[in-house]
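Observations on the three-dimensional arrangement
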Amino acid sequence: MEIIIFIIGACIGSFILLVAERYAHSESIIKPNSHCFSCHKELKWFDKIPLVSYLVLQGKSRCCQRKIPIFYFFIEIFTGVIYLYIFIFKINFLPYFIFVMFFLIVVLQDLLTMTFDTKILVLLFLSTLFILIEDFSVFAIKENLPFALFTLVFFFCISKLTKGMGNGDCYIFSLCSILLGYRTTWFLCITFIMAGIYAVLLLLSGKNKKTPIPMLPWIFIAFCMMEYIDI
Ligand SMILES: [Zn+2]
């Protein structure tokens, strides 16, 4: 069963990449059929098998030898591992599967374009509600709600004052907060420490000071760490 869940996770990883790439190219998710983003040739079914295709094709598209970033291969493995983790450790795994899928879509859209689709944000909000209904007691929701509201107002003020953070980041911080409750403080510390280290590394590598830093990948990693490390 674990292998099947890992494969499902890897397939979801592949789907997430497709949605994010299509968003980056301003294409619809449904049409046209899967194609190469370089020469636009339609992909054969055997070139769309998660993990296997990358290994067989050695990181290049069959049609025009377009280089496929190794990062894509790792996303498929990563999603497979996360799904396996959720399946093993969460009794109500389905809402978490859906939540992680939408969360990773906005993370990748943010990485590729520094923006994300607000429709996916709405779906992420609904999947958070699904987790609260399925996996949280009314008591826990009441206890966590003030953290979510505080985080929302706090980051809205920060974003208005500094103009360095998008409204979407504020909503996602708040969605994580309602799931984490009092552990929000640790979650925020870990997020900003990682984003800070990344910003310093960017500066040291000679990047322009004004290069925007995508926040969602750090929010997602910190959230996963909080789920894993029981602080
Ligand atoms: Zn091609």
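Residues numbered from 1 in each chain as written. Predicted model: local features only at pLDDT ≥ 70, side-chain atom pairs only at ≥ 80, totals over all residues.

The secondary structure content of the chain amounts to nine helices and zero strands. Listing each helix as α and each strand as β along the chain from the N terminus yields α-α-α-α-α-α-α-α-α. At 19 Å, the chain has a C-alpha radius of gyration in line with the 17 Å of a compact globule built from 231 residues. Oriented by its inertia axes, the alpha-carbon framework of the chain measures out at about 55 × 50 × 30 Å. Among the 231 residues that make up the chain, the fraction classed as buried is 29%. (Helix = DSSP H or I, 4+ residues; strand = E, 2+ residues; numbered from the N terminus. Rg over C-alpha atoms; globule rule 2.2 N^0.38 Å. Buried ≥ 20, exposed ≤ 12 C-beta atoms within 10 Å, placed from the backbone.)

This part is about the domain arrangement of the chain. Often, the extent of an interface is quoted as the loss of accessible area upon association of its parts. You can read the domains of the chain as domain 1 (1–135) and domain 2 (137–231). Taking only C-alpha atoms into account, the centre of domain 1 sits 22 Å from that of domain 2. The partner domain 2 presents eleven residues to the 13 residues of domain 1 that form the contact. If you list the elements that add at least two residues to the side of domain 1 that touches domain 2, you get α4 (93–113) and α5 (118–135). Element by element, the count of residues in the side of domain 1 that touches domain 2 is highest for α5, at six residues. Here the side of domain 1 that touches domain 2 is built from residues that sort into eleven nonpolar, one polar and one charged. (Domains from an automatic or database assignment. Contact = placed C-beta atoms within 7 Å. Nonpolar A, V, L, I, M, F, W, Y, C, P; charged D, E, K, R; others polar.)

Between the first and last C-alpha of helix α7 (residues 167–180) there are 20 Å, a value that for 14 residues agrees with the 20 Å anticipated at 1.5 Å per step. Of all 14 residues making up α7, 13 are buried, and the element is well covered by its neighbours. (Expected span 1.5 Å × (residues − 1).)

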